[in-house]
Amino acid sequence: MKVVIIGAGIMGTTYATLVKELAPELEVTVLERLERAGAGNSWVFNNAGTGHEANCELNYTPVDEEVISVEKALKIHAQFNVAKQFWAYLVEQGAIKDPTTFINQTKHCTIVSESAIEVLRLRYREMSAHHFFEQMRFSEDFDEIQGWIPYLMEGRSRQEKMAATVIETGTDVNFGRLTEHLSAYAESLGVQFEYGTHVKRVHRSPAGSWLIEAVHNGVAKQHKADTLFVGAGGGAFPILKKSHLPFSRRFTGFPVGGRFLQAPITAEQAEHYRAKTYGKAKVGAPPMSVPHLDLRVADGQHYLLFGPFASFKPLLEKGRTFFDYLRAMRLHDIPGLLNVAREHFPLVQYLVSETFKGEKSMFEELETFAPGMSKKFDWKAVEAGQRVQIIKDGDLQMGTEILVSSDKTYGTLLGASPGASVSPEVMLRALEQMLPSVFTKENAREKLKTMFPEDNLETLSTNADRYREIRDSVNKTLGITQSGA
């Protein structure tokens with residue numbers, strides 16, 4: 001059986017690795033538009049690098065009046081725990097020699113001003129009662145908060161009322177480097193990678209297989225697949241449209257871009273502020289626009305990143321053009337886009353205004369979030385990756401969705417959040433849907449338990465002892481300690 005995967009980002013390379021580990025007899029090929037794995041949205045500065053486990057992101061715990069919902073936070077945290085199990089397996093296999101090349105311990109903090117203190121207190125009370133977040137701490141004490149996140153407090157008046165939470169065992173993840181590790185490991189297992197290959201369209205042959213029409217280094221080329229998975233970020237939308245699958249008409253893409261302020265810092269300065277600190281989003285802002293000041297580690301160099309500053313750019317992927325977006329549109333997509341513009345007008349208004357925001361305004365926002373920071377380091381504005389949110393049946397969706405055809409031969413992942421952080425768990429579920437026969441084999445089930453000692457989200461959520469056992473084991477392998485040492 002031939003399995004073809006479109007996209008060599010974190011999703012595609014994870015899917016390819018899982019397929020080849022569980023079913024080594026399958027022929028697996030990955031097609032990638034760019035010249036190397038992980039060079040798109042997975043690249044280190046095309047995303048915030050937060051190991052999303054709902055420690056600090058307020059948008060994962062929405063509040064309705066005085067009732068807070070933690071269900072989404074619990075699911076994301078469990079999914080990230082499954083991801084860490086897979087990454088720890090790669091380290092144990094020797095596929096990744098040094099985990100610090102892709103994952104580094106970083107405090108995950110949330111900070112709010114006086115108007116939101118009671119909401120944060122409620123969030124802390126609800127979350128810390130669950131074993132996932134039992135290590136979370138809450139404080140309104142200026143000095144204690146400054147000890148956690150000094151750069152946010154050093155220039156702030158002691159009279160300003162603030163509150164914060166912290167979890168010491170958060171992480172910064174370089175998904176670009178992780179993707180490179182994964183692609184090298186997948187190649188060692190026998191996966192074929194073909195770079196510089198731009199897929200134009202996919203369609204069914206009369207015999208039932210998938211034909212992939214592509215251009216490789218300027219030359220037309222065709223691939224054939226019995227099973228096709230599309231993990232190409234925003235590029236998954238036009239491929240889906242051209243597949244002629246019945247459900248393709250239900251989906252279109254709503255692109256959202258972003259920028260960050262970036263500053264290189266020394267290792268000593270990184271030790272002074274080893275944190276990712278999330279605040280509260282502006283009214284009408286999309287979830288990906290929650291302001292945060294992050295420590296980043298890339299190839300041994302430390303950086304601070306502040307943002308994101310959202311923008312509306314009608315592009316499917318960074319490096320592609322507006323005309324690519326237009327060519328991906330169909331007449332039946334227009335009503336959905338108009339409906340989003342009408343129903344989410346404040347969001348559209350916000351994105352347009354952010355698009356034209358200059359560096360002066362960006363620095364003003366940095367000063368509001370962390371007084372004195374704009375002059376402390378040498379900041380520059382950098383473009384982030386392009387996210388394409390789902391419009392489904394005319395409604396804007398903020399999550400991700402796995403789509404699998406009724407005959408299980410075509411699968412794709414649409415959406416953006418929480419994305420890379422939960423890629424192993426999401427790709428495992430996609431594989432279970434598309435190739436269920438793989439999981440009936442004893443050797444595959446044994447390999448699965450080696451890679452994922454506990455992949456059942458419900459078990460992790462309800463069995464505290466089992467969760468702690470898994471958490472402590474994988475954290476040790478990945479170099480994550482409770483003390484932060």
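Here the structure is a predicted model, which is why all the values come from computation and not from measurement.

### Side note on the overall build of the chain
Step number 1: A tally of regular secondary structure across the chain gives 16 helices and 23 strands.
Step number 2: Rg of the C-alpha trace for the chain: 22 Å, near the compact-globule value of 23 Å for 485 residues, within the 12% margin.
Step number 3: Each principal axis of the C-alpha atoms in the chain carries an extent, and together these give about 75 × 50 × 40 Å.
Step number 4: Counting only contacts in the chain whose residues sit at least 6 apart along the sequence, the fraction spanning at least 24 positions is 74%.
Step number 5: Total accessible area on the chain is roughly 19,700 Å²; 52% of this is exposed by carbon and sulfur atoms.
Step number 6: With 55 positive and 59 negative side-chain charges, the chain shows a spacing of 5 Å between the two charge centroids.

### Structural notes on a nonpolar patch on the surface
Step number 1: Where nonpolar side chains cluster on the molecular surface, the patch consists of F312, V352 and F356 and spans about 310 Å² of accessible area.
Step number 2: Inspection of the secondary structure puts F312 in the loop between strand 18 (301–311) and helix 9 (322–328).
Step number 3: Judged by its relative accessible area of 32%, F312 falls in the partly exposed class.

### Section: the packing of aromatic side chains
Step number 1: One pass over the full model with this rule turns up 19 aromatic pairs.
Step number 2: When the ring of F45 is compared with that of Y303, the centres are 5.0 Å apart and the planes differ by 80°; the resulting orientation is edge-to-face. You can see F45 sitting in the loop between strand 2 (27–31) and strand 3 (63–64) and its partner Y303 sitting in strand 18, a full 258 residues away along the chain. Here F45 and Y303 have matching classes, each one buried.
Step number 3: Aromatic side chains Y151 and F377 sit 5.4 Å apart centroid to centroid with 80° between the ring planes, which places their arrangement in the edge-to-face category. Of this pair, Y151 sits in helix 5 (residues 150–153) while F377 is found in the loop between helix 12 (359–369) and strand 19 (380–383), placing the two residues 226 residues apart along the sequence.
Step number 4: Residue Y151 is classed as buried on the basis of its relative accessible area of 5%.
Step number 5: An aromatic cluster is defined as three or more aromatic residues linked by ring pairs; in this entry it consists of F80, W87, F102 and F175.

### Looking at empty space enclosed by the protein
Step number 1: Under the defined criterion, the tally for this structure stands at two cavities of 30 Å³ or more.
Step number 2: Its boundaries defined by the atoms lining it, the largest cavity holds a volume of some 110 Å³.
Step number 3: Contributing to the lining of the largest cavity are 13 residues, with E53, H77, F132, T169 and Y467 lying nearest its centre.
Step number 4: When residues of the lining of the largest cavity are traced back to their parent elements, those giving at least two are helix 2 (71–93) and helix 16 (464–478).
Step number 5: Split into classes, the residues belonging to the lining of the largest cavity amount to four nonpolar, six polar and three charged.
Step number 6: One number sums up the size of the second largest cavity: a volume of about 60 Å³.
Step number 7: Taken together, F237, P238, K241, F251, T252, G253, L316, Y325, A328, M329 and D333 make up the lining of the second largest cavity.
Step number 8: Considered class by class, the residues forming the lining of the second largest cavity number seven nonpolar, two polar and two charged.

### What about the sheet that holds strand 13 (residues 219–225)?
Step number 1: With antiparallel pairing, the three strands of this open sheet are ordered in space as 11-12-13. Two strands bound the open sheet, and with one partner strand each, they are strand 11 (197–204) and strand 13. On average, each strand axis in the sheet is tilted by 25° relative to the strand beside it, whichever way the strands run.
Step number 2: Pairing geometry for strand 11 and strand 12 (residues 210–216), over seven bridges, is antiparallel. Of the residues in strand 12, the one forming a bridge with R201 is E213.
Step number 3: Contacts between helix 7 (residues 236–243) and the sheet are confined to strand 11 and strand 12, with strand 11 contributing the most and set at about 30° to the helix.

### A closer look at the sheet that holds strand 22 (residues 400–404)
Strand-to-strand pairing in sheets goes through backbone hydrogen bonds, with the strands running parallel or antiparallel.
Step number 1: Ordered in space as 10-2-1-14-23-22, the six strands form an open sheet in which the pairing is mixed. Among the strands making up the open sheet, the edge pair consists of strand 10 (192–194) and strand 22. Going across the sheet, the axis of each strand differs from the next one's by a mean of 15°, ignoring polarity.
Step number 2: Here four bridges tie strand 1 (residues 2–6) to strand 14 (residues 227–230), and the two strands are oriented parallel to one another.

What counts and how
- Residues numbered from 1 in each chain as written.
- Predicted model: local features only at pLDDT ≥ 70, side-chain atom pairs only at ≥ 80, totals over all residues.
- Heavy atoms only, no water.
- Helix = DSSP H or I, 4+ residues; strand = E, 2+ residues; numbered from the N terminus.
- Rg over C-alpha atoms; globule rule 2.2 N^0.38 Å.
- Contact = heavy atoms within 4.5 Å.
- Areas by Shrake-Rupley, 256 points an atom, 1.4 Å probe, with all protein chains shown as cover.
- Lys, Arg positive; Asp, Glu negative; His and termini not counted.
- Charge placed at Lys NZ, Arg CZ, Asp CG, Glu CD.
- Patch = residues over 30% accessible without salt bridge, like charges linked within 9 Å, V, L, I, M, F, W, Y side chains within 5 Å.
- Salt bridge = Lys/Arg side-chain N within 4 Å of Asp/Glu carboxyl O.
- Buried < 20%, exposed > 50% of the residue type's maximum accessible area, 1.4 Å probe, protein only.
- Phe/Tyr/Trp six-rings, centres within 6.5 Å; stacked < 30°, edge-to-face > 60°.
- 1 Å grid on protein atoms, 1.4 Å probe; cavity = no way out; pocket = protein on both sides within 12 Å on 5 of 7 lines; lining within 4 Å.
- Points joined across faces, edges and corners; volume = space filled by probe spheres on them.
- Nonpolar A, V, L, I, M, F, W, Y, C, P; charged D, E, K, R; others polar.
- Pairing = 2+ DSSP bridges.
- Axes fitted to C-alpha atoms, helices over the stretch in contact; angles between N-to-C directions.

On their own, these measurements won't tell you what the molecule is for.
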